[in-house]
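The chain contents come next:
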Amino acid sequence: GEDVEQSLFLSVREGDSSVINCTYTDSSSTYLYWYKQEPGAGLQLLTYIFSNMDMKQDQRLTVLLNKKDKHLSLRIADTQTGDSAIYFCAESSGGYNKLIFGAGTRLAVHP
Amino acid sequence: DTEVTQTPKHLVMGMTNKKSLKCEQHMGHRAMYWYKQKAKKPPELMFVYSYEKLSINESVPSRFSPECPNSSLLNLHLHALQPEDSALYLCASSQPGSYEQYFGPGTRLTVT
């Protein structure tokens, strides 16, 4: 079946890099995503990676995909207080782009 | 413009009430989605519409009734809800065949 797992909490110092990890089980996943959710808000699509890629970089964000181990990570360089939020990993497959989310990782950035 | 709007922002309703949630997008997307998010949990898919036709219903109870009157608008009609239906209801849209799904800010529903 489909399952996505994430660690629940990460605390980093402002200016450091953050690395949020995710594992998934569905080997037929086509795309893997990172969404950000701030308190009381909807989900913001941060970035996504196609399953035949192993890395994608977008400004401060770097996504690494290890397809063999079904492991996805999101690295945020120079983490700022505005990066404090919940980060959801998600996978999709199939024609209707049904998203399966992990439980979310709460990122806390402290001075 | 990647905006999906949802109204109302907050809704409190009794178990005997009938209410509707509204979602709108003007990005020309032809796939629209309803998700339910309980507190401290990830979003869970409820319904998918593709080209204004219901494509996926994730075994959602009939007290939730979706409607897609046109390509820009998605409604969720609510009737005889239970307190456990209290949650954040999120709408999303995408272009069929595209993998970029954009979410609205959600409607926070409280059933008393």
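Residues numbered from 1 in each chain as written. Chains lettered and ligands numbered in written order. Predicted model: local features only at pLDDT ≥ 70, side-chain atom pairs only at ≥ 80, totals over all residues. Heavy atoms only, no water.

A. Structural detail: the interface of chain A and chain B. Of the residues lining the interface, 20 residues belong to chain A; the matching set on chain B comes to 24 residues. Across the chain A to chain B interface the summed buried area is about 1,700 Å²; carbon plus sulfur atoms make up 59%. The interface formed by chain A and chain B includes 1 salt bridge. Between Lys98 of chain A and Glu58 of chain B there is a salt bridge; the shortest N-O distance is 2.8 Å. Here chain A and chain B share 5 residue pairs in polar contact (both at pLDDT 80 or more) between them. Among the elements of the structure, strand S4 (31-37), strand S5 (43-50), strand S9 (85-93) and strand S10 (98-101) of chain A are those that each provide at least two residues to the side of chain A that touches chain B. Within the side of chain A that touches chain B, the residues separate by chemical class into 12 nonpolar, 7 polar and 1 charged. (Contact = heavy atoms within 4.5 Å. Buried area = accessible area lost by both parts, 1.4 Å probe. Salt bridge = Lys/Arg side-chain N within 4 Å of Asp/Glu carboxyl O. Polar contact = N/O pair within 3.5 Å; in protein donor to acceptor, adjacent residues only side chain to side chain. Helix = DSSP H or I, 4+ residues; strand = E, 2+ residues; numbered from the N terminus. Nonpolar A, V, L, I, M, F, W, Y, C, P; charged D, E, K, R; others polar.)

B. Focus on the sheet that holds strand S1 (residues 4-7) of chain B. Residue and element names in this part refer to chain B. Read across the open sheet, the 4 strands follow the order S1-S3-S8-S7; overall the sheet is antiparallel. Strands at the two margins of the open sheet, each flanked by one partner only, are S1 and strand S7 (64-70). Taking the axes of each pair of neighbouring strands and ignoring which way they run, one obtains an average angle of 20 degrees across the sheet. The pairing of S1 with strand S3 (residues 18-25) spans 4 bridges and is antiparallel. From the neighbouring strand, Thr5 faces S3, where its bridge partner is Glu24. (Pairing = 2+ DSSP bridges. Axes fitted to C-alpha atoms, helices over the stretch in contact; angles between N-to-C directions.)

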